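# Breakdown of the fold
Spelled out, the chains give:
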Amino acid sequence: MKINYQDSKIYVALPALAEMSYLPHFFNCIKEQTFTNFELVVCVNQPEIWWNDKDHLAECENNQESLTWLKKQKDINLIIIDKSSKGKAWVEKKLGVGWARKVLMDYIGEIANDHDLILSLDADTTFKPNYFQSIIENFRDHPNNVAISIPYYHLLTNDEETNRQILRYEIYMRYYAVNLWRINNPYNFSALGSAIAVPVWVYKRVGGISPHKSGEDFYFLLKLRKFGKLGLWNPEKVYPAARYSNRVLFGTGPAMIKGAKGDWESYPIYDYKYFDDIHKTYDLFGSLFQNDVQFPMKKFLANLFKDENWHYPLRKNSKTKDQFIKACQHKVDALRILQYLKFMNNEDEQKDEMRLGKFVEAFYPQQNKSAINFDLNLPWSYNECSISDLKTLRDFFVEIEMQYQMNANAK
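The paragraphs below set out a description of the structure included in this document. Just so you know, the residues in each chain are numbered from 1, in the order the chain's sequence is written. Totals for whole chains, interfaces and linings use all residues, but because this is a predicted model, local features are given only for residues with pLDDT of at least 70 and pairs of side-chain atoms are given and counted only at 80 or more. Side-chain numbers come from the whole structure's heavy atoms, not from hydrogens or water.

Right, let's get into the overall build of the protein. Secondary structure elements follow DSSP: runs of H or I no shorter than four residues count as helices, runs of E no shorter than two count as strands, and numbering proceeds from the N terminus. Of regular secondary structure, the protein possesses 17 helices and nine strands. Its C-alpha atoms give the protein a radius of gyration of 22 Å, near enough to 22 Å, the size a compact globule of 411 residues would have. Seen through its principal axes, the protein has C-alpha atoms that stretch 65 × 55 × 45 Å. Accessible area is worked out with a 1.4 Å probe on protein chains only. A residue is then buried under 20% of its type maximum, exposed over 50%, and partly exposed in between. Buried residues in the protein amount to 56% of all 411 residues. Carbon and sulfur atoms make up 48% of the accessible area of the protein, which totals about 19,000 Å². The globule rule used here is 2.2 Å times the number of residues to the 0.38 power, and the radius of gyration it is set against is calculated over C-alpha atoms. Where accessible areas are quoted, they stem from the Shrake-Rupley method and a 1.4 Å probe; at the residue level, only the protein chains shown are allowed to cover.

All right, on to the side chain of Ser-190 then. If you trace the backbone, Ser-190 turns up in the loop between helix H5 (160–182) and strand S7 (196–199). Throughout, a contact is declared for two residues whenever any of their heavy atoms are within 4.5 Å. Leaving out residues up to four positions away in the same chain, Ser-190 has contacts with Ser-149, Tyr-152, Met-173, Ala-177, Leu-221 and Glu-401.

For every element, the axis is a line fit to its C-alpha atoms; helices are fit only across the contacting stretch, and the angle between N-to-C directions ranges from 0 to 180 degrees. Viewed as axis vectors pointing N to C, H5 and helix H9 (residues 272–283) meet at an angle of 35°, and their least axial separation amounts to 10 Å. Note on packing geometry: the crossing formed by H5 with H9 is right-handed. In this structure, H5 contributes Tyr-175, Tyr-176, Asn-179, Leu-180 and Arg-182 to the contact, and H9 contributes Tyr-272, Phe-275 and Asp-276. Here the nonpolar group is Ala, Val, Leu, Ile, Met, Phe, Trp, Tyr, Cys and Pro; Asp, Glu, Lys and Arg are the charged ones; every other residue, Gly included, is treated as polar. Along the lines of polarity and charge, the residues of the contact of H5 with H9 split into five nonpolar, one polar and two charged. Note on convention: near helix rotated counterclockwise from far helix by under a right angle means a left-handed crossing. Clockwise means right-handed.

Using a 1 Å grid laid over the protein atoms alone, points where a 1.4 Å probe fits but cannot get out form a cavity; open sets with protein on both sides within 12 Å along at least 5 of 7 lines form a pocket; any residue with an atom within 4 Å of a point counts as lining. Grid points are joined across faces, edges and corners, and a volume is the space filled by probe spheres set on the points. Applying the stated criterion across every chain yields a total of two cavities of 30 Å³ or more. In this model, the largest cavity occupies a volume close to 70 Å³. Looking at the lining of the largest cavity residue by residue, the classes come out as six nonpolar, four polar and two charged. Taken as a whole, the second largest cavity encloses approximately 40 Å³ of empty space. Taken together, Pro-151, Tyr-152, Arg-174, Trp-233, Lys-237, Val-398, Glu-401, Met-402 and Gln-405 make up the full set of residues lining the second largest cavity. Considering every element that reaches the lining of the second largest cavity, the biggest residue donor is helix H17 (residues 387–410), with four residues. Grouping the constituent residues of the lining of the second largest cavity by class yields five nonpolar, one polar and three charged.

The next subject is the sheet that holds strand S1 (residues 10–16). Paired through their backbone hydrogen bonds, the strands of a sheet run either parallel or antiparallel. Strand order across the open sheet formed by seven strands is S3-S2-S1-S4-S7-S6-S8, with mixed pairing between neighbours. If you trace the sheet from one side to the other, it starts and ends with strand S3 (78–83) and strand S8 (229–231), each paired once. Pairwise comparison of adjacent strand axes, ignoring direction, gives a mean angle of 20° for this sheet. Both strand S6 (residues 145–149) and S7 contribute to a ladder of two bridges, which runs antiparallel. For Ile-148, the partnering residue across the bridge sits in S7 and is Ala-197. Docked against the sheet, helix H1 (residues 23–31) engages S1, strand S2 (38–45) and S3, running at close to 175° with respect to S1. Each of S1, S2, S3 and strand S4 (117–120) touches helix H3 (residues 97–111); the most contacted strand, S1, lies at about 155° to it. A pair of strands counts as paired when DSSP detects no fewer than two bridges linking them.

Glancing now at the environment of Asp-375. By the secondary structure assignment, Asp-375 is in the loop between helix H16 (365–370) and H17. Sequence separation between Asp-375 and Thr-252 is 123 residues; the distance between their C-alpha atoms is 27 Å.

Next up on the list: the nonpolar core. Formed by 128 residues in total, the largest nonpolar core has its most connected members in Phe-132, Leu-393 and Phe-397. Sort the elements by how many residues they give to this core and H5 lands first, with 11 residues. Look past the residues within four positions of Phe-132 in its chain and what remains in contact with it is Ile-10, Val-12, Ile-30, Gln-33, Phe-35, Phe-38, Leu-119, Leu-121 and Phe-127. Here, nonpolar core refers to any group of buried Ala, Val, Leu, Ile, Met, Phe, Trp, Tyr and Cys residues whose side-chain atoms link them within 4.5 Å. If you look at the next biggest cluster of nonpolar residues, it comprises five residues, including Ala-18, Trp-50, Trp-51 and Cys-60.

What follows covers unusual backbone geometry. With phi around 55°, Ala-18 is a residue other than glycine that occupies positive phi space. Within the secondary structure, Ala-18 sits in the loop between S1 and H1. In this structure Ala-18 comes out as buried when scored by relative accessible area, which is 12%. The phi dihedral of Asn-184 falls on the positive side, at around 55°, and the residue is not glycine. Tracing the backbone through its elements, the reader meets Asn-184 in the loop between H5 and S7.

Below, the discussion takes up the environment of Arg-168. Secondary-structure assignment places Arg-168 in helix H5. In this structure Arg-168 comes out as buried when scored by relative accessible area, which is 12%. A C-alpha to C-alpha distance of 9.6 Å links Arg-168 and Asn-383, two positions 215 residues apart in sequence. Discounting chain neighbours no more than four positions away, the residues touching Arg-168 are Trp-264, Asp-352 and Tyr-382.

Take a look at the structure:
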């Protein structure tokens, strides 16, 4: 289905939980946009039980302050969804940012035209004046894209330890994505809820976003990627804030909290050879259509699916080899890739710093000497590196990923 996005309107989906300190800056970014055919939909949200919990009373009051402030904003097209006031907040299991994004996007799906765009953002995110215009032009130039996973770049703060944690987390994210790009894997996206744009017709067609308590952005992009072509480049980035947060189970905020305590077990640098195993497995899906061949992930997948012949039903339901390969890729998807990497990593005692050094030496030996401020092959430590050196390392991976993104966008 091809749609002309010439007259599309942007609907910004913004969840907000105790975001009063960020909302004024966010609104400044909104008001500076060169593209003005947009509407902002905000869902101020929290669990109902917080009203009876003194530990969360400050967040309840912050939400009420946010609602009062939002209602005073007269110079912007704004819709407010109140899921925080007494009697209106989340009840039972329907809570969290996943539900907020679902309520927002479902509402937009009801009031918008099919060719309009949903732009998912967070209140702590900065974006430049041409951001909305760049999204519109991106869809006009690439009408076959079913969504865009927008490039990001975390802003640093005035606090050294905060910077240290966010840089380490972003290096983890970049390294992961770059390796998926390197092996030409279809799941080479990075999931950030503040960096997704999707047409309304696509949102409806895939059945909307699933309200996971954490990782709703990951599962939504996974669903979109299986539906069609996912755009992974945009000339304008989003700039999320670096902040500690325990509102979700995993992601930037929890990673920084755990990292500050010295716990990076959930966000390791995986040996690049494990990605090579994934690549070899994907390459052999075609051979698996007719023969039971050996491949690196075979034992892991047999245990995971509790069936060593998990591919037999896929064979039966595929008329061609290409259909079978696609079915295998949908079965062994981004979640299974992550599970495989974690499984393999449990048996590996190498330090993250050593794995990074091995990767750069294997694929970018010259850049190690020219683009990075220190030699990754020498003993080094995240905790002892200067913030400047860590930023250089982060930016090194940013540049690599950006080249992959731009090359794919040009095709």
